[in-house]
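The lines below spell out each chain.
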Amino acid sequence: MKKYWSFFKMRLMAGLQYRAAALAGMSTQFIWGTMEILLYRAFWLEHPERFPMGMESLSAYIWVQQAFLTLFALWNWDFEVLESVKTGSVSYELLRPTDIYSIWMARSIAGRLARGILRMVPVIVVAGLIPAPYGLRLRVSPAVFGLFVLSMALMVLVVCAYTLLVYALTFYLTDPNGLMVVSVAAADLLGGAVVPLPFLPEGLRRFAELTPFGSMQNVPLRIFSGDIPMTDIPGVMGLQVFWIAALVLAGYALTRNGLRRAVILGG
Amino acid sequence: MIEMKGICKTYRVRRREAGLGNALKSLFSREYAEVPALQDMTFTVPDGQILGYIGPNGAGKSTTIKILSGILRPDGGVCTVDGLTPWEDRKRHVARLGVVFGQRSQLWWDVPVTESFGLLRDIYRVPEPVFRENLDRLTVLLDLGELLKTPARMLSLGQRMRCEIAAALLHGPKVLFLDEPTIGLDAVSKLKVREFILEQNRLCHTTVLLTTHDMQDIDALCSRVLLIGKGRLLLDGDTARIRTMAGENLSTEESVADLYRRFGI
């Protein structure tokens, strides 16, 4: 276990040194969040009674989404891993006495954290200063907040397990680009990245919530904004755990088999 | 001890003629050609030997190294390194193995070299005192000093290669594979690397398998040379024998070129 932890720390440190990227990302997220809030505000002022979420809830949703964007975003691929599978140089990883899937997992989680840590605090602080109902406020009890933190952790695992599944499938494809584009589009719509799921038609929302994408940012963001009642939270988080298990099992098996193929066919 | 017996490996390569018609055709039926990379490769390397492995491009050198490293599975034959079959007992095997590919880096690009070394220590589970001792020795022999604090991307090729070699030896492997370790190095760096390999072999009795196109590497380091071509072992002997097989007054370089011509490879 220690080696994967060291690997995690290493990736985290390596990722923490890109100051310019963090600065650029931070301002992008801040501007993007402001624009989204202005857009929804226009709709809200028109028909506040037809809004499926309160404006305060929605603001909380948007600001947390922007603050933790690099944790949520499926498009935050690890291109080094993808490239190594595509070119076959992944077989050189076999020179180390380690399990490749676990290494990928460690570096995926660390990579997301590293890109996020530097930019999340300023966004949260500034968004907290914006007056209600457009700013970021904690609207739930400490217990629910605890569940939010837990569901964030589960969400990171769902997202990473999904990206690892795509890396594993790359063993069997000439080029994974199509799969990546489709995945990102599906996650944007079904995961509540573009529009929070309560804004979707009832049937589509229900379907989206059952897909793996619905277990991504949708869950922690809606818990944080108080959109999911306390009694429903265990079920929703249970589904997250189910998707982690399913995606990890599939990804692990495909990686193993893919590596065996690479070892037989030659890098 | 490294033993290879009757190792064969054939690559399957997709082929088609140029043109749109053929591209469409290949959507439905694909043609494959079998390219033999190794045929009946058999040799034994005793512990503590420095073995040179030479042959023209495409002869099968890399394939052999990959099989011995456990990252490629042969189609047939038996191969053991210190009693383990590389591709069967991969994790145990690679824990006792050090590999340097001259054209690839195992260091983390953006962080100081010493961080990469720390990661390798944890990956190979090297106990701290052993790690310290190895690192101190390698630092002196390879003149690493300040290099350890520098990010790998800021090192010159010669400096980086010294760090790569150190990285491969931190866990004290019994066997070391060097795939073109002096490629692209200047004269001083080459000499330093060679000197170190000899020293390492003398002090730690490390078995070294070296592939190279640089015949001076062979002259300086190897007590024995294997010449392969088109996937077959053509010659097994010491450097002196290669020279006597060719003309008397030729350098090793010229003798080898002469042998390539003579074997038609």
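### Some points on the environment of Pro173 of chain B
Residue and element names in this part refer to chain B.
In step 1: Among the secondary structure elements, Pro173 is positioned in the loop between α6 (157-169) and β6 (175-179).
In step 2: Spatially, the C-alpha atom of Pro173 lies 33 Å from that of Arg12, the residues being 161 residues apart in sequence.
In step 3: If near-sequence neighbours (up to four positions away) are discounted, Pro173 is found in contact with Arg96, Leu97, Gly98, Ala168 and Thr206.

### Looking at the interface of chain A and chain B
Often, the extent of an interface is quoted as the loss of accessible area on bringing the components together.
In step 1: Opposite the 26 residues of chain A that make contact, chain B presents 26 residues.
In step 2: Between chain A and chain B, a total of about 2600 Å² is buried, with carbon and sulfur atoms accounting for 62% of that surface.
In step 3: For chain A, the biggest contributors to the area lost against chain B are Met10, Leu95 and Arg96 of chain A; these three give 26% of the whole.
In step 4: Between the two partners, chain A and chain B, sit eight residue pairs in polar contact (both at pLDDT 80 or more).
In step 5: Within the residue set of the side of chain A that touches chain B, elements represented by two or more residues are α1 (2-15) and α11 (233-265) of chain A.
In step 6: The biggest single contributor to the side of chain A that touches chain B is α1 of chain A, with eight residues.
In step 7: By residue class, the composition of the side of chain A that touches chain B is 13 nonpolar, seven polar and six charged.

### A short note on the side chain of Thr64 of chain B
Residue and element names in this part refer to chain B.
In step 1: With respect to the secondary-structure elements, Thr64 resides in helix α2 (residues 61-69).
In step 2: A distance of 2.7 Å separates the side chain of Thr64 from the side chain of Tyr53, its partner in a polar contact.
In step 3: Here the side chain of Thr64 touches Gly60 through a polar contact of 2.7 Å, landing on its backbone oxygen.
In step 4: Every residue in contact with Thr64, bar those within four places of it in the chain, is listed here: Met4, Leu38, Phe43, Tyr53 and Ile228.

### Re the sheet that holds β6 of chain B
All names here are of chain B.
In step 1: Read from one edge of the open sheet, six strands run β5-β6-β7-β3-β8-β9, paired in mixed fashion. This sheet does not close on itself; its edge strands, each paired only once, are β5 (97-101) and β9 (232-237). Sheet twist, expressed as the mean angle between neighbouring strand axes with direction ignored, is 15 degrees.
In step 2: Bridge analysis of strand β3 (residues 50-54) against strand β8 (residues 224-229) gives four bridges, and the strand direction is parallel. When the bridges of β8 are listed, Tyr53 appears paired with Leu226.
In step 3: α6 contacts β5 and β6 of the sheet and is inclined by roughly 160 degrees relative to β5.

### Considerations on the confidence of the model for chain B
In step 1: The pLDDT averaged across chain B works out to 89; a share of 98% of its residues lies at or above 70.
In step 2: Model confidence for the complex is summarised by a pTM of 0.87, with the ipTM given as 0.81.

### As for a nonpolar patch on the surface
All names here are of chain A.
In step 1: A contiguous nonpolar patch, built from Val121, Val125, Val126 and Leu129 and spanning about 370 Å² of accessible area, is present on the exposed surface.
In step 2: Take Val126: it is sitting in helix α6 (residues 100-129).
In step 3: For Val126, a relative accessible area of 34% gives the class partly exposed.

So, how was this worked out
Residues numbered from 1 in each chain as written. Chains lettered and ligands numbered in written order. Predicted model: local features only at pLDDT ≥ 70, side-chain atom pairs only at ≥ 80, totals over all residues. Heavy atoms only, no water. Helix = DSSP H or I, 4+ residues; strand = E, 2+ residues; numbered from the N terminus. Contact = heavy atoms within 4.5 Å. Buried area = accessible area lost by both parts, 1.4 Å probe. Polar contact = N/O pair within 3.5 Å; in protein donor to acceptor, adjacent residues only side chain to side chain. Nonpolar A, V, L, I, M, F, W, Y, C, P; charged D, E, K, R; others polar. Pairing = 2+ DSSP bridges. Axes fitted to C-alpha atoms, helices over the stretch in contact; angles between N-to-C directions. pLDDT = per-residue confidence, 0-100. Patch = residues over 30% accessible without salt bridge, like charges linked within 9 Å, V, L, I, M, F, W, Y side chains within 5 Å. Areas by Shrake-Rupley, 256 points an atom, 1.4 Å probe, with all protein chains shown as cover. Salt bridge = Lys/Arg side-chain N within 4 Å of Asp/Glu carboxyl O. Buried < 20%, exposed > 50% of the residue type's maximum accessible area, 1.4 Å probe, protein only.

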